[in-house]
Amino acid sequence: MDTGVKKTGLRFYIRTFGCQMNVRDSEIISGLLTAESWQLTTNLGEADIIIFNTCSVRRHAEDKVWSEIGKLKKIQNSPIIGLVGCMAQAYKEKVFERSSRVDFVVGPNDIHKIPEIIKKVACQNMFVRKVWETNTRIRPEEIYHKGFYENREHAYVIISEGCSNFCSYCVVPYVRGELKTRPHNSILREIEEAIARGITKITLLGQNVNAYEDNGVNFIKLIELVNSIKGLKEFSFITSHPQDTTLDLFKAMRDLEKLKKYLHLPVQSGSNRILNLMRRGYTREFYLDLVNNYRKMVKDGVLSTDIIVGFPTEKEEEFQDSYNLVKEIRFNASYIFKYSPRPYTEAEKFPDDVSREEKERRHRIILELQKEISLGKK
Ligand code: 5AD
Ligand code: SF4
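Below, the structure is looked at part by part.

The rules behind the values
- Residues numbered from 1 in each chain as written.
- Chains lettered and ligands numbered in written order.
- Predicted model: local features only at pLDDT ≥ 70, side-chain atom pairs only at ≥ 80, totals over all residues.
- Heavy atoms only, no water.
- Buried < 20%, exposed > 50% of the residue type's maximum accessible area, 1.4 Å probe, protein only.
- Helix = DSSP H or I, 4+ residues; strand = E, 2+ residues; numbered from the N terminus.
- Arc of directions from axis to C-beta.
- Contact = heavy atoms within 4.5 Å.
- Salt bridge = Lys/Arg side-chain N within 4 Å of Asp/Glu carboxyl O.
- Pairing = 2+ DSSP bridges.
- Axes fitted to C-alpha atoms, helices over the stretch in contact; angles between N-to-C directions.
- Near = heavy atom within 4 Å.
- Polar contact = N/O pair within 3.5 Å; in protein donor to acceptor, adjacent residues only side chain to side chain.
- Nonpolar A, V, L, I, M, F, W, Y, C, P; charged D, E, K, R; others polar.
- Parallel < 35°, antiparallel > 145°, perpendicular 65-115°, else oblique.
- Left-handed = near helix turned anticlockwise from the far one by under 90°.
- 1 Å grid on protein atoms, 1.4 Å probe; cavity = no way out; pocket = protein on both sides within 12 Å on 5 of 7 lines; lining within 4 Å.
- Points joined across faces, edges and corners; volume = space filled by probe spheres on them.
- Domains from an automatic or database assignment.
- Phe/Tyr/Trp six-rings, centres within 6.5 Å; stacked < 30°, edge-to-face > 60°.
- Core = buried A, V, L, I, M, F, W, Y, C linked by side-chain atoms within 4.5 Å.

**Description of helix 9 (residues 219-227)**
Taken residue by residue, helix 9 has Phe219, Ile220, Leu222, Ile223, Val226 and Asn227 as its buried positions. Relative to the axis of helix 9, the buried residues are bounded by an arc of 160° and lie together on one face. Packing partners of the buried residues in helix 9 comprise helix 8 (184-196), strand 10 (201-205), strand 12 (217-218), strand 13 (234-238) and helix 10 (247-255).

Below, the structure is given as structure tokens:
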């Protein structure tokens, strides 16, 4: 009996860590590999190639990856193992020192090279195969047009890569590079191609979508163009930076009928001193004013945020500023993170002086508050 395996050749397994951007990157990698007639498998044990698409944004995310790689020791056959994405870019060839099981390391802007790298690695003896690629600055546009989507109705569409904000705690500009926006025509074509495959809902992705600019097309113009695409039923976008969020965006959210009234607007802290140390470029008062305008202009608009607790030197009163801001704004959802120092960042040099227990306490307190708000108790 023909199992189909011989016909299709190698079987690959891909595990995604981190954000939606990585979910989309894993689809892009899957699209590139299936174009080589390789077969995606959800069974780790039968894979010839195992790819970890990784995240570096918090220490916890990295620890999880190292622990998962450690568990691969138990696998009997000797699959080719690749570590790709943000951790690849952060640690480059040092990954091989940390884990001898890894065969190739590929940064986020080099993922188009993965099929060639695998071919190269597959020809080498498993004890000598070590390949890394972390040098490309701009991704080739064609990788976005492979048509591989996990979901049949909904697709993520990347509109920009990287970030030039350099918030003091954030590793993104160092691992994904500075902001690069995709040509708007290519984005619109990708959406049309997705619709032709049956997709009806889209989420536009970028670290800071509001900074989008391509040949006179800014983010507002882009979402107007997306709204007019035939066959598209609904779309949304993440993530917005308060500093670049304007009243024009709220007008567009009010008026564009296909655009979901959902805004993810990370505040990070309610304390002006901490916001300044974070290099966020706005104050608590500015943020409150922005939210006020959003609520006035976008009726029934949903609002969510990210908050970091235990940033270096954060005092109890400054944590209370974050707590009170959550209480005052009553977000629909808050994602709370315990600060962890990240390589290359400015804050890595600050004293990480809020203890683990204290970070946990602050984390728990705001989480509980948000839970009560969400349940309508507060
Ligand atoms: N420590 C903790 N949380 C962080 N984030 C980014 N960098 C760090 C860090 N060093 C959080 C921010 C961001 C979200 C994606 O992750 O809140 O909005
Ligand atoms: Fe990181 Fe700040 Fe850019 Fe967000 S805006 S990706 S937190 S540097």
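Having seen it, we continue.
**Points about the pattern of salt bridges**
Considering all chains together, one arrives at 30 salt bridges under this definition. As a salt-bridge pair, Glu318 and Arg273 come within 2.6 Å of each other at their nearest N and O atoms. Within this pair, whereas Glu318 is found in helix 13 (residues 316-329), its partner Arg273 is found in helix 11 (residues 272-277), the two being separated by 45 residues in sequence.

**Things to note about the sheet that holds strand 7 (residues 154-158)**
Reading across the sheet, the three strands line up as 7-10-13 and stay open at both edges, with parallel pairing between neighbours. Sheet topology places strand 7 and strand 13 at the edges, where each strand pairs with a single neighbour. On average, each strand axis in the sheet is tilted by 20° relative to the strand beside it, whichever way the strands run. In the sheet, strand 10 pairs with strand 13 via five bridges, with the strands oriented parallel. Looking at strand 13, one finds that Leu204 is bridged to Phe237. Packed onto the sheet, helix 9 meets strand 10 and strand 13 and runs at close to 155° relative to strand 13.

**A closer look at the side chain of His363**
Along the chain, His363 turns up in helix 14 (residues 356-374). For His363, a relative accessible area of 17% gives the class buried. The contact partners of His363, leaving out residues within four places of it in the chain, are Val309, Ile336, Phe337 and Lys338.

**Remarks on the site of ligand 1**
Near ligand 1 the following residues occur: Val57, Arg58, Tyr169, Gln268, Asp306, Ile308, Phe337, Lys338, Tyr339, Ser340 and Arg342. Interatomic distance of 3.5 Å between a backbone N/O atom of Val57 and a nitrogen atom of ligand 1. For ligand 1, an oxygen atom lies 2.7 Å from a polar atom in the side chain of Gln268. Elements that contribute at least two residues to the shell around ligand 1 include exactly strand 15 (302-309) and strand 16 (333-338). In terms of residue class, the shell around ligand 1 is made up of five nonpolar, two polar and four charged.

**A few points about the pairing of strand 3 (residues 49-54)**
Of all six residues in strand 3, six are buried; the element is thus mostly enclosed. Of the two faces of strand 3, the one holding Ile49, Ile51 and Asn53 and the one holding Ile50, Phe52 and Thr54 are both buried throughout. Where strand 1 (residues 11-16) lies against strand 3, five bridges are found, and the strand directions are parallel. Considered in strand 3, the bridge of Tyr13 is made with Ile50. Alignment of strand 3 against strand 4 (residues 80-85), held across six bridges, turns out to be parallel. Among the inter-strand pairings, Ile49 is bridged to a residue of strand 4, identified as Ile80.

**Quick word on the packing of helix 12 (residues 284-297) against helix 13**
In contact at an axis separation of 12 Å, helix 12 and helix 13 are set at 15° when each is read in the N-to-C sense. Classified by the interaxial angle, the pair formed by helix 12 and helix 13 is roughly parallel. Regarding helix 12 and helix 13, the two cross each other, and that crossing is right-handed. Where helix 12 approaches helix 13, its residues Arg284, Tyr287, Leu288, Val291 and Arg295 are matched on the opposing element by Asp321, Asn324, Leu325, Glu328 and Ile329. Grouping the constituent residues of the contact of helix 12 with helix 13 by class yields five nonpolar, one polar and four charged.

**Re the sheet that holds strand 6 (residues 131-133)**
Strand order in the open sheet formed by six strands is 2-1-3-4-5-6, with parallel pairing between adjacent strands. The open sheet has two edge strands with one neighbour each: strand 2 (39-40) and strand 6. Seen against the sheet, helix 2 (residues 20-34) touches strand 1, strand 2, strand 3 and strand 4 and runs at an angle of roughly 170° to strand 1.

**A closer look at the layout of surface pockets**
Estimates place the volume of the second largest pocket at around 390 Å³. Within the residue set of the lining of the second largest pocket, elements represented by two or more residues are helix 3 (59-71), strand 16 and helix 14. The dominant element in the lining of the second largest pocket, judged by the number of residues it contributes, is helix 14, at four residues. Of the residues assigned to the lining of the second largest pocket, the class counts are five nonpolar, three polar and eight charged. Each of two domains, domain 1 (11-133) and domain 2 (141-374), supplies a minimum of three residues to the lining of the second largest pocket.

**Focus: the packing of aromatic side chains**
Per the counting criterion, the structure on display carries 13 aromatic pairs. Consider the rings of Phe17 and Phe52, whose centres lie 5.8 Å apart with planes at 45°: the pair is tilted. Placement of the pair is Phe17 in the loop between strand 1 and helix 2 and Phe52 in strand 3, with a sequence separation of 35 residues. Note on Tyr169 and Phe311: the rings are 6.4 Å apart at their centroids and 85° apart in plane angle, and the pair reads as edge-to-face. With Tyr169 in the loop between strand 8 (160-161) and helix 7 (172-175) and Phe311 in the loop between strand 15 and helix 13, this residue pair connects regions lying 142 residues apart in the sequence.

**Thoughts on the nonpolar core**
The biggest cluster of nonpolar side chains holds 54 residues, and the ones touching the most others in it are Leu204 and Phe219. In this view, Leu204 contacts Val157, Ile159, Ile191, Val209, Phe219, Ile223, Val226, Phe235, Ser236, Phe237 and Ile238; residues no more than four positions away in its chain are not counted. Listed in part, the 26 residues of the second largest apolar core include Ile28, Ile80, Ile118 and Leu205.

Just geometry here; none of it tells us what the structure is for.
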